[in-house]
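Residue-level structure breakdown
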Amino acid sequence: MAPSLVLAGARVVLPTGVVDDGRVVVEGTTITQAGAADTGGTTAAVPADAEVIDVGGHWLVPGFVDLHNHGGGGASFSGTADDVLKAVRAHRLHGTTTLVASTVTDEMDLLVTQAGLLSELAEQGDIAGIHFEGPFISPCRKGAHSEELLRDPDPAEVRKLIDAGRGRARMVTLATELPGGVDSVRLLAEHGVIAAIGHTDATYEQTVAAIDAGATVATHLFNAMPTLGHRSPGPIAALLEDERVTVELINDGVHLHPAALELAFHHAGASRVAFITDAMDAAGSGDGRYLLGPLEVEVSDGVARLVEGGSIAGSTLTLDRAFKRAATVDGLPVQDVVAALCANPARLLGLSDRVGSLEPGKDADLVLLDADFDLKGVMRQGEWVVTPQLP
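Residues numbered from 1 in each chain as written. Predicted model: local features only at pLDDT ≥ 70, side-chain atom pairs only at ≥ 80, totals over all residues. Heavy atoms only, no water.

1. Here's the deal with the environment of Arg354
- Mapping Arg354 onto the fold places it in the loop between α9 (334-348) and β19 (366-369).
- Owing to a relative accessible area of 35%, Arg354 belongs among the partly exposed residues under this scheme.
- Spatially, the C-alpha atom of Arg354 lies 26 Å from that of Asp49, the residues being 305 residues apart in sequence. (Helix = DSSP H or I, 4+ residues; strand = E, 2+ residues; numbered from the N terminus. Buried < 20%, exposed > 50% of the residue type's maximum accessible area, 1.4 Å probe, protein only.)

2. Quick look at empty space enclosed by the protein
- As enumerated under the stated definition, the model contains two cavities of 30 Å³ or more in all.
- By volume, the largest cavity amounts to about 50 Å³.
- In terms of lining residues, the largest cavity is bounded by 13 residues, among which Pro62, Gly63, Val355, Gly356 and Asp365 are the most central.
- Looking at the lining of the largest cavity, the elements that each hand over two or more residues are β6 (64-69) and β9 (96-103).
- Residues of the lining of the largest cavity, tallied by class, amount to five nonpolar, five polar and three charged.
- Every residue along the wall of the second largest cavity is listed here: Asp252, Val254, His255, Gly302, Val303, Ala304, Ile312, Gly314, Ser315 and Thr316.
- Residues belonging to the lining of the second largest cavity are distributed by class as follows: four nonpolar, five polar and one charged. (1 Å grid on protein atoms, 1.4 Å probe; cavity = no way out; pocket = protein on both sides within 12 Å on 5 of 7 lines; lining within 4 Å. Points joined across faces, edges and corners; volume = space filled by probe spheres on them. Nonpolar A, V, L, I, M, F, W, Y, C, P; charged D, E, K, R; others polar.)

3. Re the pattern of salt bridges
- A full pass over the atoms with the stated rule returns 14 salt bridges.
- With a closest N to O distance of 3.6 Å, Glu123 and Arg166 form a salt bridge. Taken as a pair, Glu123 in helix α2 (residues 108-123) and Arg166 in the loop between α3 (155-164) and β11 (169-174) lie far apart in primary sequence, 43 residues in all.
- Taking the relative accessible area as the measure of exposure, Arg166 reaches 43% and is therefore partly exposed.
- Between Lys142 and Glu147 there is a salt bridge, with the nearest N and O atoms lying 3.6 Å from each other.
- On the accessibility criterion, Lys142 (28% relative accessible area) is partly exposed.
- The partly exposed category is assigned to Glu147, whose relative accessible area is 44%.
- Through salt bridges with shared partners, one network takes in Asp212, Asp242 and Arg244. (Salt bridge = Lys/Arg side-chain N within 4 Å of Asp/Glu carboxyl O.)

See below:
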């Protein structure tokens, strides 16, 4: 077995706070110590033959967890197994060590087939599960989804997708105001699958009913839903005010005004926010023409829009960029950023025993950032994905 690895001198972000001049010890695929270097407890002595890397002046944070991601590196999670793995690798290079693969609206038979493929990759540990975004969404708020393929959330069809995922379906986004919506939420909750409210034209009252039925996530809050009104508050108010709901936010400077992000954090609190990418093929790849499901997308200056109609079509975001923007432009405390990128999505996915924080016994998934929050290293299960180039 390789000797223990000690990452020493970093500002280590733990669930309990930030430790200056801290250290993390890795043995094999597991974290064995995390905390201050000069105290006992979880930072006991390390083996004499341990490899020590001085990462002073850097931040050490958990590997990022992305709940909602359609692809990257020029490849899509709606493609072949090779495409899926290519997209996964692209996001790992940017610090995402745990990723849920999201599909887009398509023919039901094609979604069932894709679910089978993705479930196999989840069983191998390449992805953390499947998120079905569509086809059970509102034509009024379809965004970059093909309208002719949309359908009401019939619980029997929702069950068909759950079954196709072979226990690896993690989340389904629905417009819960549509016929069958609330019954489908109950079905998902009974099967341990996250019911997410999104691409919806629901009223405030309809949203409350869906939450009471078991919905626990707001799919990219503010986007693809009615705006917040003073006489007709719509879904945004209901989703922000309910402590049972975690709200997804796309923090790329395109999908949200900084004031909207601040509003979400103020009302939901750091424990109920999950930063996502909603990335499509162009993430980590560059400008050009792409497909999102059956629809053609033009990416210009990093912004993805449908060729027909001009709707925003996912993002080209990576989570390291979301981290830097949150810590610098938005001025959020680093510990809150880590909660939104790591601990909160890990909790939603039921993976908190393995990922989402730097604690003994958890997977050695970690990200090294410099003082300016630029990514300098990525480790997944004890192996460097991005080897640190340190002075």
